[in-house]
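What the coordinates show
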Amino acid sequence: MAEGALFDLAGKVINVLGSLIAQEVKLAFGVKTDIEYLRNTVSTIQAVILDAEKQSSDSHQIKDWLSKLKDVLHDADDLVDDFSTQVLRRKVMSGNKMKKEVRLFFSSSNQLYFSVKMGHELKAIRKRLNAIADDRMRFNLNENCNEPQVMNRGRETCSFAPEDEVIGREDDKKEIMERLFDDNVEENISIIPIVGIGGLGKTTLAQLVYNDENVKRNFEPKLWVCISDTFDVKRIVKEILKQLTETTHGESLEILQNKLREKLNGKKYLIVLDDLWNEDSNKWLPLRNLLKVGARGSRILITTRSSKVAEITGTTTTHELEGLDPKKAWSLFVKMAFKKGKETENQTLVTLGKQIVGKCFGVPLAIRTIGSLLYDKTTEIEWQSFLDDELSKLAQQENDISFTLKLSYDHLPSHLKHCFAYCRLFPKDYRFKVVTLIDLWAAQGFIVLEGPKQRFVDIGRKYFMELLWRSFFQDIKNDEWGNIQSCKMHDLVHDLAIFVSGTDSAILNSSGENVIEKVHHVSFDLLDSPRQFSIRGANKRKIQTVLAASVGGKLGNLTCDALISNLSYLRTLDLSCLGLQVVPCSIGELCHLRYLDLSLNEHIEFLPNSITKLVNLQTLKLYYCGSLKELPLGIKNLVNLRQLDIFGCNRLTHMPLGLGHLISLEILPRFVLREGGSKASSGSRYKKKQAKSGGGLSELKELSNLGGSLAIYKLGHGEDDMLECKAANMNQKQHLQGLRLFWNKEWDDGETECYDDMSLEGLQPHPNLKQLELYYYMGVRIPGWVSSLTNLIHFQLEDNKRLQHLPPLNQLPFLKVVSLWYMEALEYISDEDSVSNVLGASSSSSSSSKTPFFPSLSFLELRFCPKLKGWWRNSDDNEPHHLLLPSFPPPLSTLQIHNCPNLTSMPPFPYLKERLELKSCSWKVLEQTMKMGAATTSTYFPLSQLQTLELRFINDLEFLPEEGLRNLVSLRKLHIESCDGLSSLHWIGSLTSLQTLEIWQCHNLTSLSQEIRNLTSLKELYIYDCSNLMSLPQEIRNLTSLIQLRIYDCHNLTSLPQEIRNLTSLKELSIWDCSLLGQRCKRQMGEDWPFIAHVPRVSVDCQNQQEVTISSEPSDAEPSNTKPSDVEPSDAEPTEAKNKLGYKIRTPIQKLQLCNRIVANLVEFRREEYDQETNTPGN
């Protein structure tokens, strides 16, 4: 139990005892009286607990008294939970009818045994509590039932943004950035240590640098590894490889080292080693030597509290991080301590506040912690008392931030102390999922509902936000709907959690030094350890939590059974990802269980029926149990179930009957309907099918607490299905945020009438919905209620083959994502008939009352819409409507149009920021926007913020207009593929900011233009399968920033210009399947070798020429180390046609195979683009 949280446990016992009395349960003679006496005794003791905890720091006797009280209260909690569980079981067994009086039978054959057993246990608890109650008189404890309160900050929680949180580190970031890009250092790989005491913000500073856009552009790859207490070279190497390859590696250290050298060799990387403690140079040197394979300019950034660590690791001077200056410190304090982050007009509070800040020594974590604590104190007396009584002790602790954190913890109410201390079960630098934390807290009874209509997830999120505001959590990430999804805990805060949890919680590790005599909550950290997964100790019956997800390897069925049978008081059990194939029937004996996680056990096919005996179960996680075929028939008995997570259980064929009885359900990601509903020909046959196969949509009717996202599968197209949709009562589910609807793919439009339009009408959700997706919908129209979903953020349609009309979407205020796939019948996005009908929505309209056109849209994709012609039905095809119609507003960052061959008109998108992809559509889609600058008097240049442009299979593209290209001042990447109308790149010189140029399969391109000389920022040039490309221009010498040059399958390119020797920045030259050019680039033997000998990595047909021995004979054969993906497929034609120059002529199939091989060969080079998103600690 958390230190200082006995008050909450006593209150919990009192409430359960009171509930037993209130239910008028028939008990044996004297037992009810014992319950009343016990409740009164606990109430008497609870009244002095707060004072006792306050005095315990100065009195060993009071501390011992509290320890004894804690043991008795735990036993009392287990006992009353036994009683209440049996009451609930009896109610469920009696047909789910909540009777006023229920006769208890622990043993159906011997009521007397139960009476005697219950009476003995109650009397034993009473005797121990009476002795403790008598002892309290010796300590002169004062009665006090007023716990510290936390103020509800309401909507201010939305101000959490990583960049906004950082105050006063601008100069530090600037200095680190200068050292990252300093070319005057002697070493190829420079190591920069950041040193400072805990809480100064070393990790935060490193994150600011890591996430900087300039760093992202200049270092590839970027890797972040948290080291913390244990310095294990193998673990560090595995973590780096995991980030580089997105897979887990379990090989020996030698193999891992070889793989790492291969991945980092010649690359300019940035690695952050966060929270390094190792002071043994003999352990550090092997890792340092391993990382030396990077290209010149690579950097390793280290954060540490130890100057000695900096001394043995650093190759440059240490960056000593200091406290914030008084002005910045006060600015941070104001943000945390005052309403809306603004300085109060009360000058007395300002004076007191500045005195308080002065005692924080400029440590941001201390300022945040104390500032958020004082937010709840609004009077001068409270601030003065805090300064005089509590903060005076801080001056005696010098720079000990731990004391400040403990001070903030002491001011938490008991229920939040429980929640915080429970986080001790997770390792340092662990990323907590907020929803999982809430589930775990609820399982232990830490969350108390304040009213009958409240949900655990709402109250739990409120608890989380209070801890977040007190700086017990940090580094948050949001989900797609803007909710806080995950967070981390500062290592000093984690140390505090370990301290305040005391002996109540423990992480069992491979050291074997695990004392669990009084432990109630355990987790395991046995990865890469041969140690047996087991719990030893006499107290194991009282263990309430087992988190076994970090065991590693597999947990045998016998081991699982033995574990369960010995832990009868378990309330939380996590057996996820342990390779379980069978869930033992003994799981049903864990009558106290509230939380059961069996997720990611992909071989589990069925759950035992005994699991339906767990009437206390609140959370059942089964996500990605891919073999699970069905849920237990008696699942309706789990009357307390709040979360049934079956996401990714794709083999589930139906939902069991009775699911609708689980009215407490808050999370149900997946609902699978029975097969064949649409083929039922009569009502009676329909009902028989329902009874046989499982529950229908009517099971959802009473589940009004459902939240999160819900996907409904196997919706039918018939009349009966339409009637069933109305019974789902979807418009009453106000907490639901996402709805995904999947109709059956099969439907014969020649035999049966389709009722999908009416079915969807009946499935109208609550206006609070934020995400709506429809798959295989066969209706012609979408109901008008979609336009009333004013909170909608994400709208997606896929395979809606008959759909011809979309509802108005352009005025939905929060809509960010629109995605349309495989819309075979859709001709226009909007049903507006003319330009004049839509001008009112334009932001340029004279009517200021109109909502802007798609005001929040950030992502739009149109794919495989073969009949799509334009956005509006325009009455006058000759009208220059692209100049009159409203433009997409500035939020739009990504536009993707693929395989829409008839699309010729779109609303202009001049403010597009990140990415534009056009594939198999008309060049006119882009041309209209590019010409806006010349046709208007606006001072804004169209597409001036665009960073990436990809053009694929644009058959009518002959050139890009130079007047439009000059506006693309932010363009960093240009990809052109299979645009056979292109014969020249004479316009390319306008793209002076370009860093990556990719040209694929442009067969009419004979040469790169001389204008390439203007691309002085270009770093990557990739040319693939340009069959008529004859030469590279001499002006390539101007590409002084070029790092990578790759030329694949260009058979008519016979040589490299000798000016390539001027490219001193070139680090990699890769030539593949270019017969003559490849021979000319062989080491020392090729005619072009003198021009490229300076390049560190020259690869010809996957063989590194810089590693080839001089005596090697030239050979046309594949090298021995060729990857399987590089070998010609076995079904290739036995004889290959060749042109007059002797080069292979490929069939379309062979070209497709070549493309696949190229993509496979490029995976390792392209992966880092995605790692920037997935491995960034600030995300």
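Reading the values: the criteria
All residue numbers here refer to positions counted from 1 along the written sequence of the relevant chain. In view of the model being predicted, local features appear only for residues whose pLDDT reaches at least 70, and side-chain atom pairs are presented and counted only at 80 or more, with totals across whole chains, interfaces and linings using the full set of residues. With hydrogens and water stripped out, all remaining heavy atoms of the structure feed into the side-chain values. Patch membership requires over 30% relative accessible area and the absence of a salt bridge. Like charges are linked within 9 Å, and nonpolar side chains (Val, Leu, Ile, Met, Phe, Trp, Tyr) within 5 Å. Every accessible area reported is derived by Shrake-Rupley at a probe size of 1.4 Å, with residue values counting cover from the shown protein chains alone. In what follows, salt bridge is the name for a side-chain nitrogen of Lys or Arg lying within 4 Å of a carboxyl oxygen of Asp or Glu. For the purpose of charge, His is not counted, nor are the chain termini; Lys and Arg are scored as positive and Asp and Glu as negative. For the purpose of locating charges, the reference atoms are NZ of Lys, CZ of Arg, CG of Asp and CD of Glu. Helical segments are the DSSP runs of H or I of at least four residues, strand segments are the runs of E of at least two, and each set is numbered from the N terminus. Only protein chains enter the area calculation, which uses a 1.4 Å probe; residues under 20% of their type maximum are buried, those over 50% are exposed, and those in between are partly exposed. Strand pairing is assigned whenever DSSP detects at least two bridges linking the two strands. Contact criterion: two residues are considered in contact whenever any of their non-hydrogen atoms come within 4.5 Å of each other. An axis is simply a line fitted to the C-alpha atoms; with a helix, the fit covers only the stretch in contact. Between two such axes, the angle follows the N-to-C directions and lies from 0 to 180 degrees.

Looking at an unreviewed UniProt entry, one finds the protein chain named Disease resistance protein RGA3 and attributed to Lithocarpus litseifolius.

**Here we look at a negative patch on the surface**
Taken together, the side chains of Glu170, Asp171, Glu175, Glu178 and Asp325 make up a negatively charged region of the molecular surface. Along the polypeptide, glutamate 178 turns up in helix α6 (residues 170–180).

**Considerations on the pairing of strand β20 (residues 794–798)**
The buried count for β20 comes to five of five residues, which makes it a mostly enclosed element. Both β20 and strand β21 (residues 817–821) contribute to a ladder of five bridges, which runs parallel. Looking across to β21, one finds that leucine 797 is bridged to leucine 820.

**Topic: the sheet that holds strand β6 (residues 432–433)**
Overall, antiparallel pairing links the three strands, which are arranged β6-β8-β7 in an open sheet. Taken across any chain shown, the strands that pair with only one partner, and hence form the sheet edges, are β6 and β7 (474–478). As defined by bridge partners, β6 adjoins strand β8 (residues 484–488) across two bridges and the pair is classed as antiparallel. Along β8, the bridge assignment pairs phenylalanine 432 with cysteine 487. In the packing of helix α21 (residues 456–469) onto the sheet, contacts are made with β7 and β8, and the angle to β8 comes to roughly 40 degrees.

**Brief notes about a nonpolar patch on the surface**
A cluster of nonpolar side chains, Leu600, Tyr624 and Phe647, forms an exposed patch at the surface whose accessible area comes to about 290 Å². Positionally, phenylalanine 647 belongs in the loop between β15 (643–645) and β16 (670–672). A residue is classified by how much of its surface remains accessible, and phenylalanine 647, at 39% relative accessible area, is partly exposed.

**Observations regarding the sheet that holds strand β2 (residues 222–228)**
Through backbone hydrogen bonds, the strands of a sheet pair up, either in parallel or in antiparallel fashion. Taken in spatial order, the five strands of this open sheet run β2-β3-β4-β1-β5, and their pairing is parallel. At either margin of the open sheet sits one strand with a lone partner, and together these are β2 and β5 (319–320). Relative to strand β3 (residues 270–276), β2 is paired through six bridges, and the arrangement is parallel. Counterpart to tryptophan 224 in the pairing with β3 is valine 272. Strands in contact with helix α9 (residues 233–245) are β2 and β3; relative to β2, the strand with the most contacts, it is inclined by about 150 degrees.

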